[in-house]
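Fold and contact review
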Amino acid sequence: MAEAGLRLERAAPRPLAGEANAQAPVRPVVGEKIRIERGGRLLLSVEEIVVGRPGITAIMGPNGAGKTLLLRCLAGLKVPDSGLVSWAGLPPDRARALRLGFVFQKPVLLRRSALANLVYALKAAGLSGGEARRRAQAALEAARLADLARSPARLLSGGEQQRLALARALSLDPDILFLDEPTASLDPSSTAAIEAMVGKAAARGTACILISHDIGQARRLADEVIFMAEGHIAERAPASRFFDAPASPEARAYLGGEILVRDGSWNSEEGKR
Ligand SMILES: Nc1ncnc2c1ncn2[C@@H]1O[C@H](COP(=O)(O)OP(=O)(O)OP(=O)(O)O)[C@@H](O)[C@H]1O
Ligand SMILES: [Mg+2]
């Protein structure tokens, strides 16, 4: 796999930002031998990961397991200390980043109306004003935000802001949608709205990579689960198998509600006896 990635890289030189065709494929997204270290501490160490099949992949694991770091590396937002990330065999580039969508726990919105936030993003992606406005309106309707089109985005409720951020990410019909705990601070009804939007995107063929601590949510949505602990991937399995019979001790402990303490041992009921 590493060989293939390197060979492709040599055969096709990295395009300069803005020069590559934004319609060029980004899937599969591959990470090989990715490592991040800080102050002698290994924060992320992943031998190989391949994502990008249509459907929903949940990334789960305790706080500090390296989920966000891995997602940011795959999305091209962070360069690992060592290792290789490739999109369809080539290094990440800005033009093809338009084929990806991002939603974070805290929505990042501009100080303008909900509609203008969408129009801005669509124009920045190269759409004409008319087409951007048409798509923005459609995206607001799909997110059930049409009534709030003229409201300042930053005055919307947390759930509405998150729906807007997701609508913006989906408005360009991304091949891959990266979601980092998108419903962490939302109530059940807003969570359901976000889940419905993600489910529809997956059904249309978008590969959704969803970090979540919400076991119910992962059960409802995920086709497969990647479970991380202490910077590495402990397990990857189809969701039904993962939840019925997790193979790794780390996942078993997590699903059982146990807590990983700092020295790496499991603070389980058994351990207390
Ligand atoms: N820039 C950084 N410098 C130093 N340490 C960092 C940096 N970014 C992340 N870390 C550390 O790396 C580890 C993994 O962080 P990461 O944010 O990926 O965890 P996570 O699995 O997403 O956790 P959570 O569920 O809390 O969001 C954590 O211990 C964090 O403190
Ligand atoms: Mg995180």
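Going by the structure above, here's the rest.
Presented here is a report on the structure given in the accompanying data block. Computed from a predicted structure; not experimentally measured.

Right, let's talk about the pairing of strand β3 (residues 55–60) for a bit. Among the six residues that make up β3, six are buried, leaving the element largely enclosed by the rest of the structure. Covered by surrounding structure in β3 are Gly 55, Thr 57 and Ile 59 together with Ile 56, Ala 58 and Met 60, the residues of both alternating faces. As paired elements, β3 and strand β7 (residues 207–211) share five bridges and run parallel to each other. Considered in β7, the bridge of Ile 56 is made with Cys 208. Bridge analysis of β3 against strand β8 (residues 224–229) gives four bridges, and the strand direction is parallel. If you follow Ala 58 over to β8, its bridge partner there is Val 225.

Here we take up the sheet that holds strand β2 (residues 41–51). What the three strands build is an open sheet, ordered β2-β1-β4; its pairing is antiparallel. This sheet does not close on itself; its edge strands, each paired only once, are β2 and β4 (82–87). In this sheet, adjacent strand axes meet at a mean angle of 15° when their direction is disregarded. Where strand β1 (residues 29–38) meets β2, nine bridges bridge the pair, whose relative direction is antiparallel. Across the sheet, the residue bridging to Val 29 is Val 51, located in β2. Of the strands in this sheet, β1, β2 and β4 touch helix α2 (residues 67–74), which is tilted by about 50° from β2.

Thresholds, definitions, all that
- Residues numbered from 1 in each chain as written.
- Chains lettered and ligands numbered in written order.
- Predicted model: local features only at pLDDT ≥ 70, side-chain atom pairs only at ≥ 80, totals over all residues.
- Heavy atoms only, no water.
- Buried < 20%, exposed > 50% of the residue type's maximum accessible area, 1.4 Å probe, protein only.
- Helix = DSSP H or I, 4+ residues; strand = E, 2+ residues; numbered from the N terminus.
- Pairing = 2+ DSSP bridges.
- Axes fitted to C-alpha atoms, helices over the stretch in contact; angles between N-to-C directions.
- Contact = heavy atoms within 4.5 Å.

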